[in-house]
Amino acid sequence: MTSERIGVAVLGFGWMGQAHSRSYARIPMIFADRTYDPRLVVCADTLESRRVEAVESFGFETAVADWQEAIVHPGVDVVCICAPNMLHEEMAKAAAGAGKHVFCEKPVGGTPEETARVEKACRDAGVITGVGYNYRFAPLVQYAKKLIGSGELGTITNYRGRFFSMYGADPLGLLSWRFKIDQAGHGASTDILSHSMDLAMMLNGPITRVVGTGETFIRERPLPKEGGTHYDRGHPDDPTGEVTNEDYFGALAVFANGSRGTFEASRAIIGPESQMAFDIYGTEGALGWNLETMNELQLFLTGDTATGYTTVRAGDRLPYHGNFVPGDANSIGFEDLVTIEDYEYLSAVAAGRKHVAGFDEALEWVSVQAALMRSWESGQWEDVVSIRED
Ligand SMILES: NC(=O)c1ccc[n+]([C@@H]2O[C@H](COP(=O)([O-])OP(=O)(O)OC[C@H]3O[C@@H](n4cnc5c(N)ncnc54)[C@H](O)[C@@H]3O)[C@@H](O)[C@H]2O)c1
């Protein structure tokens, strides 16, 4: 039995707001060792239909249109920010100012400067922070980290990271907030390269130098409809608007351990559907993982008698997997990673300790992103320098 109740406010009830809400609700059914029970106190969304759904289908105690009301609700301990990026800074600062712990979907704001300001505000307020880099929690990614950390792959020589998604490949895909610099901040770099490079730094350590370039391939899109997302489609005769951030970003990187990295992210590519993937190569072995087949890891060890990669299947011998399904090769999915992330974050809040990834890890990525933006402008290699505000 648990005693502590952690009251949660969810701001923004679209894809990720709903995913986190489902996760909080099922933590008691999945993690018997928890020391708390989450309580869905209040949901804030500007769309009435979403507020109704939050209360009637998800079990929130109440739902409001004005997110400021949700933050100051006396039953709220944690604010989970799942609104479009341009709202992250204001919401996170207000939540920290009200003494609430803050979980914010990645990348925390839309630009490196916004992330740095939010990180400082939350550090000054002394609240526990979390950022939605959910792929860190995939059981096979954790296993990869263990193999790399224990030296099984030898000395790491190179890393290949990519996030290729087709969500923006159709020119009739709606001009949702993601395609506007004043609403999302930067494009593919902020949205999906952030995941790829965050994971690279978790697995292979800090990045010290970068060179990069971006491009926008689809420059006009049909105007969005209320509640529409980046997966919705318009019609050829719909009015259109301008895309104001990049579809693609590619980069070369030097890691502090001397290894080299290549990275690509595109939201407008044909072929890979959601290829959030990495390959890492060392002097004794190599491994590769891809979200599209997230229950498999490709592993090559030079000591093996047979040559070639072996497919390692996920199973309950790995961290977290057995909380969802027993045995080997019974699969878990995307939203299970969100549930693990939420369980770990709320466990940190209950224990009063730092959570990883928190806003200081978010800051590590945006410091790299700031260097990439300078490089895109200058056409030169740039050093990564921390943009932490003192
Ligand atoms: N970690 C991941 O894998 C992952 C995946 C998708 C999105 N994200 C992040 O999650 C965040 C949300 O993305 P999404 O895809 O869920 O977006 P979405 O467009 O599906 O949902 C956004 C919601 O916010 C609501 N909203 C807009 N203005 C608001 C306001 N002023 N007050 C309250 N609610 C408001 C909208 O009505 C909508 O319901 C983004 O920061 C995005 O980068 C993370």
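If you're wondering where the values come from, they're calculated on a predicted model, not measured in any experiment. (Residues numbered from 1 in each chain as written. Predicted model: local features only at pLDDT ≥ 70, side-chain atom pairs only at ≥ 80, totals over all residues. Heavy atoms only, no water.)

Caption draft 1: Looking closely at the packing of aromatic side chains. Following the criterion strictly, the structure yields 19 aromatic pairs and no others. Judged by centre distance (5.6 Å) and plane angle (35 degrees), the ring pair of Trp15 and Phe334 falls under tilted. With a gap of 319 residues between them, Trp15 in helix α1 (residues 15-30) and Phe334 in helix α10 (residues 334-351) connect regions that are remote in the sequence. Judged by relative accessible area, which is 42%, Trp15 ranks as partly exposed. (Phe/Tyr/Trp six-rings, centres within 6.5 Å; stacked < 30°, edge-to-face > 60°. Helix = DSSP H or I, 4+ residues; strand = E, 2+ residues; numbered from the N terminus. Buried < 20%, exposed > 50% of the residue type's maximum accessible area, 1.4 Å probe, protein only.)

Caption draft 2: Representation of the site of the ligand. Taken together, the neighbourhood of the ligand is formed by 28 residues, with Met16, Asp45, Arg50, Asn85 and Asn134 sitting nearest. In this structure, an oxygen atom belonging to the ligand sits 3.1 Å away from a main-chain N or O atom of Trp15. At 2.6 Å from an oxygen atom of the ligand is found a side-chain nitrogen or oxygen belonging to Asp45. When contributions to the shell around the ligand are tallied by element, the ones reaching two or more residues are α1, α4 (88-97) and α8 (188-204). (Near = heavy atom within 4 Å. Polar contact = N/O pair within 3.5 Å; in protein donor to acceptor, adjacent residues only side chain to side chain.)

Caption draft 3: Quick look at the nonpolar core. Ranked by size, the top nonpolar core spans 109 residues in total, and within it Phe263 and Trp289 carry the most contacts. Setting aside residues up to four positions removed in sequence, Phe263 forms contacts with Tyr159, Gly161, Leu193, Ser196, Met197, Ala200, Ile207, Phe249, Gly250, Ala251, Ala253 and Phe255. (Core = buried A, V, L, I, M, F, W, Y, C linked by side-chain atoms within 4.5 Å. Contact = heavy atoms within 4.5 Å.)

Caption draft 4: How the structure looks around unusual backbone geometry. The amide bond that connects Lys106 to the next residue, Pro107, takes the cis arrangement and shows omega of 0 degrees. Residue placement: Pro107 occurs in the loop between β5 (101-104) and α5 (112-125). Across the junction of Val356 and Ala357, the peptide omega takes the value 10 degrees, indicating a cis bond. Of note, Ala357 is situated in the loop between α10 and α11 (359-378). At Val108, a residue that is not glycine, the phi angle is positive and equals roughly 70 degrees. Looking at the element boundaries, Val108 is found in the loop between β5 and α5. Phi at Ala329 is positive, roughly 65 degrees, even though this residue is not glycine. In this fold, Ala329 is placed in the loop between α9 (321-324) and α10. The partly exposed category is assigned to Ala329, whose relative accessible area is 43%.

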